[in-house]
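Working through the structure, step by step
The lines below spell out each chain.
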Amino acid sequence: SLKCGIVGLPNVGKSTLFSALTSIQNVAANYEFATIDPNIGIVDVPDSRLYALAEIVKPQKIVHTTVEFVDIAGLVKGASKGGGRGNAFLANIREVDAIIHVLRCFDDDNVVRSAGPVNPVSDKEVVEMELQLKDLESIEKKIGRVERAAKSGDSKAKVEFEALKRYKAHLEQGKNARTLPDATEEEKEAVKDLFLLTMKPVLYVANVDEKYLHEDNHHVKALREAVKNEGAEVLRICAALEAQIAEIADKEERKMFLKEYGLEESGLDVLIRAAYKLLNLITYFTAGEKEVRAWTIERGWKAPQAAGVIHSDFERGFIKAEVIKFTDFMQYKSEQACKEAGKMAMQGKDYVVEDGDIMHFRFNV
Ligand code: GDP
């Protein structure tokens, strides 16, 4: 499954956030064994559509989709220069599909900060520089491999060589591979096998004090300004408060607590959904009396592939899919009523599944 890595300098609130995410209240019900590795947490994705469907269908159980989070501790300045933990840290990042970069935006004299006054913009640069240096290393190695072929006229090698040089120059300016201006498919292809760390999609979490839950403090403002050309999301969260919220098991009690802070929902719920989106994942539903369930697929998948998430037999023996749009189901309130209203579509193997589709697959065993 796809993974989000939580990164950041020491003492910015990563483990506070991670343990809130993986508190007993959030851990996916179907994955008890996820707790075996203390740095990995599989978390249910909250989805109001799932609850609305369950209200109507009244199934025996509901099953969420999940996202996997990995707590990647240990990054310090100089990590890319080797040094045991630094390298392990970078290897861990290599394995994730997206990055959640936690930045300290709270002032608290009790929490040690080695690099002087709180400064999320410079923290971000410190972390990214390590990733960029590592990427430069990968790129230079590949340049070494293709340069000769490129210069002796091999056209594929030449394209790769030019692309690699462009990424190199970009990284050398302290920028991330993902932001290379007007990168073509060919250029992206040339670095695909390198799994560049700075190519992965990123989301910034501004960890603020609870008094700045509803407005940006000057740290968050500076951060937003610094990333405004990246097209990345900045989420303002108070990790310490989220840890408290995550402890509350009772739903009503939780709601009350959130209300006291003027919150509609917990920051974690927002973060989990943002992570899901960052991974380019979408959800379709199956709705039966036994269970109403959300399933994860990648954007662009066709019906048979989507069916394969339920069972490989569904993909192999795929005949067709009956598809109801979520809003239609909300209006007509049953499969039968949707069918009578002409709101159930028969789709074949080329149908691209959309977010929120309610699917019923027909297949040969
Ligand atoms: P990590 O090293 O990035 O994993 O950071 P931790 O999660 O261990 O947090 C470092 C310290 O900062 C701990 O003492 C936390 O209690 C504190 N901390 C974390 N989040 C907040 C916050 O939102 N506000 C304040 N004031 N302290 C926080």
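Residues numbered from 1 in each chain as written. Predicted model: local features only at pLDDT ≥ 70, side-chain atom pairs only at ≥ 80, totals over all residues.

Our focus in this paragraph is the environment of A337. Within the secondary structure, A337 is located in helix α14 (residues 335–340). Among the residues examined, A337 registers 14 C-beta atoms within 10 Å and is labelled partly exposed. Linking A337 and V234, residues 103 residues apart in sequence, is a C-alpha distance of 42 Å. (Helix = DSSP H or I, 4+ residues; strand = E, 2+ residues; numbered from the N terminus. Buried ≥ 20, exposed ≤ 12 C-beta atoms within 10 Å, placed from the backbone.)

Counting residues in hydrophobic clusters, the biggest one holds 89 residues, and the most contacted among them are C4, I6, V205, A206 and A275. Tallying contributions element by element places helix α10 (residues 267–278) first for this core, with six residues. Dropping the residues within four chain positions of it, C4 is found in contact with V67, E68, F69, V96, A98, I100, A275 and L279. (Core = buried A, V, L, I, M, F, W, Y, C linked by C-beta atoms within 7 Å. Contact = placed C-beta atoms within 7 Å.)

Close contacts around the ligand come from 16 residues, with G13, K14, S15, T16 and A240 the closest. At the level of secondary structure, the elements contributing two or more residues to the shell around the ligand comprise α1 (14–21) and α8 (239–247). Broken down by element, the residue count for the shell around the ligand peaks at three residues, all from α1. Looking at the shell around the ligand residue by residue, the class counts come to seven nonpolar, six polar and three charged. (Near = placed C-beta within 6 Å. Nonpolar A, V, L, I, M, F, W, Y, C, P; charged D, E, K, R; others polar.)

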